[in-house]
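Commentary on secondary and tertiary structure
Spelled out from the first residue to the last, the chains are:
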Amino acid sequence: MPKYNDIDTKKWKEYTDILTNSFWFFHRENSGIHNASYHGNFIPQVPRQLFSRYTKKGDWILDPFMGSGTSLIEAQRMGRNSIGIELQKPVAEEVRERIKLEHNPKCSTNILVADSKTIDTNKMVDYYGIKNVQFVIMHPPYWDIIKFSEDKRDLSNSKTLEEFLNSFGEVIDNTTKVLEKNRYCAVVIGDKYANSQLIPLGFHCMNLFLERGFMMKAILVKNFDRTRGKANQAAIWRYRALASDFYVFDHEYIFIFKKVK
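What counts, and at which threshold
Residues numbered from 1 in each chain as written. Predicted model: local features only at pLDDT ≥ 70, side-chain atom pairs only at ≥ 80, totals over all residues. Heavy atoms only, no water. Helix = DSSP H or I, 4+ residues; strand = E, 2+ residues; numbered from the N terminus. Buried < 20%, exposed > 50% of the residue type's maximum accessible area, 1.4 Å probe, protein only. Contact = heavy atoms within 4.5 Å. Axes fitted to C-alpha atoms, helices over the stretch in contact; angles between N-to-C directions. Parallel < 35°, antiparallel > 145°, perpendicular 65-115°, else oblique. Left-handed = near helix turned anticlockwise from the far one by under 90°. Nonpolar A, V, L, I, M, F, W, Y, C, P; charged D, E, K, R; others polar. Core = buried A, V, L, I, M, F, W, Y, C linked by side-chain atoms within 4.5 Å. Patch = residues over 30% accessible without salt bridge, like charges linked within 9 Å, V, L, I, M, F, W, Y side chains within 5 Å. Areas by Shrake-Rupley, 256 points an atom, 1.4 Å probe, with all protein chains shown as cover. Salt bridge = Lys/Arg side-chain N within 4 Å of Asp/Glu carboxyl O. Pairing = 2+ DSSP bridges.

1. What to know about the overall build of the protein
Within the protein, the regular secondary structure consists of eight helices and 10 strands. Oriented by its inertia axes, the alpha-carbon framework of the protein measures out at about 55 × 45 × 40 Å. Counting every position in the protein, which comprises 261 residues, the buried fraction comes to 49%. Of all intrachain contacts in the protein linking residues separated by at least 6 positions in sequence, the fraction that spans at least 24 positions is 74%.

Written as structure tokens, this is what we have:
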């Protein structure tokens, strides 16, 4: 059995719900206290799959871009301890109240209002009586596609690609330094169009990890689950694509890295 998950490989045929292929196709699932109204949140199946593969019960998971709390909810349901960092206090308070409705006494679920670039993560883990976290899951803003706040520290307010990447690099450095060696980190990110050209935002973010010595373990491609609004606009976007020279985004990436240094 791997040391980083609870999968019993002797019973591998029983794990039919755990994906092992590199293309993930999901329809949004919002059971219990999940909130789909928060702009830009990812679907619960993503953290559930990742936690199944790369964590064990009792492990600690860190989410530096907590948002609506999707990863913390799934961690709590799966018996994993978690820490979510959120820049906006009202968002954090709403998630804190919602998470109480599914309280799991067998694990610890924690929310911090802070900037993931500057919070003292060494003091953070000391406060919770641990030396490291065992998994870091990141779902940062896709640069300025969605503006999440008026806060200048918010990555979605970056004025240039360089500014966005520098800020995201600071988050990587500050949060993965408390990631246990030989454990894993996942980043969910998509690309964007700007000035009539494709900005390969996902691969720019991927390179930030490679430059820091992380080992690349997987590039997963996940479909965009269409919201009602997007579905109603599918025809017009198809027309615009045919009338121009671009393709309509239908995917985003999930990059998996291993901390080896």
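2. So, the packing of helix H1 (residues 45-54) against helix H2 (residues 70-77)
Relative orientation of the contacting elements H1 and H2 amounts to 45°, with a least axis distance of 9 Å. Between H1 and H2, the angle is such that the two are oblique. Seen from above, H1 lies across H2 with right-handed handedness. Of the residues in H2, those touching H1 at Pro47, Arg48 and Phe51 are Thr70, Ser71, Glu74 and Ala75. Among the residues forming the contact of H1 with H2, the class breakdown is three nonpolar, two polar and two charged.

3. Quick word on unusual backbone geometry
For Trp143, which is not a glycine, the phi torsion comes out positive at approximately 55°. Checked against the element boundaries, Trp143 lands in the loop between strand E5 (133-138) and helix H5 (161-176). The class for Trp143 is buried, based on a relative accessible area of 9%. Located in the positive-phi region is Asn182, a residue other than glycine, with phi close to 70°. Mapped onto the elements of the fold, Asn182 is located in strand E6 (residues 179-189). When its relative accessible area of 39% is taken as the criterion, Asn182 is described as partly exposed.

4. Notes on the nonpolar core
Counting residues in each nonpolar core, the largest one holds 56 residues, and the members touching the most others are Leu50 and Phe168. Among the elements that make up this core, the one with the highest residue count is E6 (seven residues). Those residues in contact with Phe168, other than ones at most four positions away along the chain, are Phe65, Met138, Pro140, Leu155, Val187, Cys205, Leu208 and Phe209.

5. Overview of a nonpolar patch on the surface
Taken together, the side chains of Ile236, Trp237, Tyr239 and Val248 make up a nonpolar region of the molecular surface, amounting to roughly 380 Å² of accessible area. One can find Tyr239 in helix H8 (residues 234-243). For Tyr239, a relative accessible area of 56% translates into the label exposed.

6. Focus on the sheet that holds E6
The eight strands are arranged E1-E9-E10-E6-E5-E2-E3-E4 in an open sheet whose pairing can be described as mixed. The open sheet is flanked by strand E1 (23-24) and strand E4 (109-113), the only strands paired with a single partner. Looking at chain direction, strand E9 (residues 215-223) and strand E10 (residues 251-258) are connected through eight bridges and run antiparallel. Residue pairing in the sheet places Val221 in a bridge with Tyr253 of E10. The strands touched by helix H3 (residues 89-100) within the sheet are strand E3 (81-86) and E4, with E4 carrying the most contacts at an inclination of about 165°.

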